[in-house]
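# Secondary and tertiary structure notes
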Amino acid sequence: MPILLGPDLRLRLARRECIVNVRSIPWEMIADCEDQAQDSHQQDLLTLASRGGVSAGEAIAIMARVRPFPIDDILAHRILYAMRAMFARGQRVAEARGV
């Protein structure tokens, strides 16, 4: 799923500031949250992805199964970065165990 960058984050990246930013997350990370995407955006995940994706805050809200809420874009990207890293680690552990 593509992750959109807010205008402030885009500007700071253009200035070459060292900021955590997530451009995408694995589809498997969000795929089972279809019902929440439909509830909060009135669109399915494929439609959201084809329209360019969602913001980091929206992705967090979808995966937490809550309505979107105001969150600082930089903080949201940091949280999403950590979530993606934990997901990847879980995938590696599962593969190692043959699950």
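The structure under discussion appears in the preceding block.
Along each chain, numbering runs from 1 in the same order as the chain's sequence is written. Local features in this predicted model are restricted to residues whose pLDDT is 70 or higher, and side-chain atom pairs enter the listing and the counts only when it is 80 or higher, whereas totals over whole chains, interfaces and linings include all residues. Only hydrogens and water are set aside; all other atoms, that is, all heavy atoms of the structure, feed into the side-chain values.

One can find E28 in helix 2 (residues 27–30). Looking at E28, the relative accessible area reads 55%, which means it is exposed. Between the alpha carbons of E28 and A61 there is a distance of 16 Å; along the sequence they are 33 residues apart. Helix and strand definitions follow DSSP, with helices as H or I runs of at least four residues and strands as E runs of at least two, each counted in order from the N terminus. Only protein chains enter the accessibility calculation, which uses a 1.4 Å probe; a residue is then buried when its area is under 20% of its type maximum, exposed when over 50%, and partly exposed in between.

Attention now moves to the nonpolar core. Residue types Ala, Val, Leu, Ile, Met, Phe, Trp, Tyr and Cys, when buried and joined through side-chain atoms within 4.5 Å, form a set referred to as a nonpolar core. Counting residues in hydrophobic clusters, the biggest one holds 19 residues, and the most contacted among them are M1, I3, I25, I30, M63 and L80. Contributions of two or more residues to this core are made by helix 2, helix 4 (45–50), helix 5 (56–64) and helix 6 (73–97). If one sorts the elements of this core by residue count, helix 5 sits on top with five residues. Every residue pair with non-hydrogen atoms within 4.5 Å of one another is taken to be in contact. Excluding its chain neighbours within four sequence positions, the residues that come into contact with M1 are R23, S24, I25, W27, I30, L45, L48, A49, G53 and V54.

This part covers helix 6. How far a helix is expected to stretch is found by multiplying one less than its residue total by 1.5 Å. End to end, helix 6 covers 36 Å across 25 residues, agreeing with the expected 36 Å (1.5 Å per residue, within 8%). Of all the residues in helix 6, the buried ones are I74, A76, H77 and L80. On its buried face, helix 6 is in contact with strand 1 (3–4), helix 1 (7–14) and helix 5. Within 3.5 Å is the distance limit for a polar contact, defined as a pair of N or O atoms, with the added protein rule that one can donate a hydrogen and the other accept it, and that residues adjacent in sequence qualify only through two side-chain atoms. Looking at where helix 6 begins, the residue whose side-chain oxygen comes 3.1 Å from the main-chain nitrogen of I74 is D72. Where helix 6 terminates, the next one or two residues include G98, which has phi positive at roughly 75°.

For R16, which is not a glycine, the phi torsion comes out positive at approximately 65°. Its location among the elements puts R16 in the loop between helix 1 and helix 2. Taking the relative accessible area as the measure of exposure, R16 reaches 76% and is therefore exposed. Residues other than glycine seldom take positive phi values, yet R65 does so here, at roughly 60°.

Any carboxyl oxygen of Asp or Glu within 4 Å of a side-chain nitrogen of Lys or Arg constitutes a salt bridge here. For the structure on display, the rule yields five salt bridges. The salt bridge involving R12 is made with E17; its shortest N-O contact spans 2.8 Å. Judged by its relative accessible area of 26%, R12 falls in the partly exposed class. With its nearest N and O atoms 3.6 Å apart, the salt bridge here joins D39 to R67. On the criterion of sequence distance, the pair formed by D39 in helix 3 (residues 34–41) and R67 in the loop between helix 5 and helix 6 is long-range, its members being 28 residues apart.

Nothing here speaks to function; it is all geometry.
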